[in-house]
Amino acid sequence: MGVVGGGQLARMMGDDAHDVGVELTVLVTAADDSAVETADHVLLGAADDESALRRLIETSDVVTFDHELIDLDMLVRLEEQGVVFRPSPRALRYSVDKAVQREEFTAAGFPVPYCHVIRSDADLSVLDDWSQMHQNPPVLKAARGGYDGRGVLFPVDDTDAMQLARELLARGAVVAEERVTLLSEVAQLVVRSVHGEVIAYPLVTTLQSRGMCAEVQFPADLDEDVQAQARELSAKIASHIGLVGVMAVELFVTPRGLLINELALRPHNSGHWTIEGTATSQFANHLRAVTGQELGASTALCAAAVMVNVVGADTPGSLESARATAGVTVHDYGKSWRPGRKLAHVTAVGDDVAALHVRTWVSARAYGTNTREAS
Ligand code: ADP
């Protein structure tokens, strides 16, 4: 099978590929990509370059994705010619385009923040009295192309909102949405097979630092009935969009209940802990699902788990010291050091979130991370 895009997700798919009987070809833009080390075959080229994609298709019975920065129209055209993409371009629209997701989920009755899509100058008038109507200035999001908090703006007042929305609009549609009160943020990972079977992973809490996920904790600190709501809602979404593969549903926990933030139709940062923490990792289950196999169990093998991202600090620390920390597993992505770059993650599994939290951060700091513990 083929993976469009390299990076750590494709690398970790490669770690599990042979266990699930899959031969992996990755399409990457550089010969030193993180995914090269674990792939069976490597092709050089960009995700939106049709000739490169065609080379990947020729050698693969099914093609999946490592990221969302893809040309959907091109995928639809290729699908019409018989190429099997899993997930399909139809499903991918919901993760590639925040405007499509918000509009279609609002229409389908799924819980999302109140929002308005701005596609033209005339639509900007919706921002005129926003604060008066919604208590706060809006959050503005580029419909396409943002990730890790890039493309998400928090204007200080309506005048600022108007100015920022104009700037975003020059590059494409903008979602203006209410600023919700966040009690916490959680992520529900599910996997759906080609036969429509959906399995949910245990819910996790995600802790953000500067718009980027810094830490993930299992179990999520929510009552079982809210956890059940997250599972049921995510399973419904999976069926609604015709998902095949793994999907992470990022959810806001608010005083009015769970609200959908965004979807990722691929293995997700919030699921890295499943490598050590559950019976089948998210990577193995994604490969199983997209190659038409039965799914593996998602049962937790531990009472608690913590995962911390290592995002390059200004000066490198030491991978050896990070690995020397007792009771953690360091997953190094084999990337060259660059401040602000996601370089590795550290996981600890056990009984007590507080103890695991301390250990993982000791290790991540020894490696040299610029992320901070959420206060
Ligand atoms: P990205 O696509 O770059 O990951 P998100 O849409 O997930 O961006 O937004 C990044 C972060 O901004 C979220 O994790 C959350 O903390 C905050 N955020 C996003 N939307 C809202 C909102 N409507 N109200 C309050 N905070 C928000």
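For the structure, check the block above.
Residues numbered from 1 in each chain as written. Predicted model: local features only at pLDDT ≥ 70, side-chain atom pairs only at ≥ 80, totals over all residues. Heavy atoms only, no water.

A. Local environment of the side chain of Ser234. For Ser234, the location among the structural elements is in helix α8 (residues 224-241). Judged by its relative accessible area of 0%, Ser234 falls in the buried class. The residues contacting Ser234, other than those within four sequence positions of it, are Gln188, Val190, Met247 and Val249. (Helix = DSSP H or I, 4+ residues; strand = E, 2+ residues; numbered from the N terminus. Buried < 20%, exposed > 50% of the residue type's maximum accessible area, 1.4 Å probe, protein only. Contact = heavy atoms within 4.5 Å.)

B. Molecular detail of the packing of aromatic side chains. Considering all chains together, one arrives at six aromatic pairs under this definition. Both rings, one in Tyr94 and one in Phe105, keep their centres 5.4 Å apart while their planes meet at 25 degrees; by these two values the pair is stacked. Taken together, the residues span a long stretch of sequence, with Tyr94 in helix α4 (residues 89-96) and Phe105 in helix α5 (residues 98-108) at a distance of eleven residues. By the burial criterion, Tyr94 is buried, and Phe105 matches it. The interplanar angle of 80 degrees and the centroid separation of 5.0 Å between the aromatic rings of Phe105 and Phe110 together place this pair among those described as edge-to-face. Within the aromatic cluster, the residues linked to one another by ring pairs are Tyr94, Phe105 and Phe110. (Phe/Tyr/Trp six-rings, centres within 6.5 Å; stacked < 30°, edge-to-face > 60°.)

C. Seen up close, the sheet that holds strand β4 (residues 63-65). Pairing in this open sheet of four strands is parallel, and the strands run β3-β2-β1-β4 from one edge to the other. With one partner strand each, in any of the chains shown, β3 (41-44) and β4 form the two edges of the open sheet. Taking each pair of neighbouring strands and ignoring which way they run, the sheet shows an average axis angle of 25 degrees. Inspection of the sheet shows strand β2 (residues 25-28) paired to β3 by four bridges, in the parallel sense. Each bridged residue has a counterpart across the sheet, and for Thr25 the counterpart in β3 is His41. (Pairing = 2+ DSSP bridges. Axes fitted to C-alpha atoms, helices over the stretch in contact; angles between N-to-C directions.)

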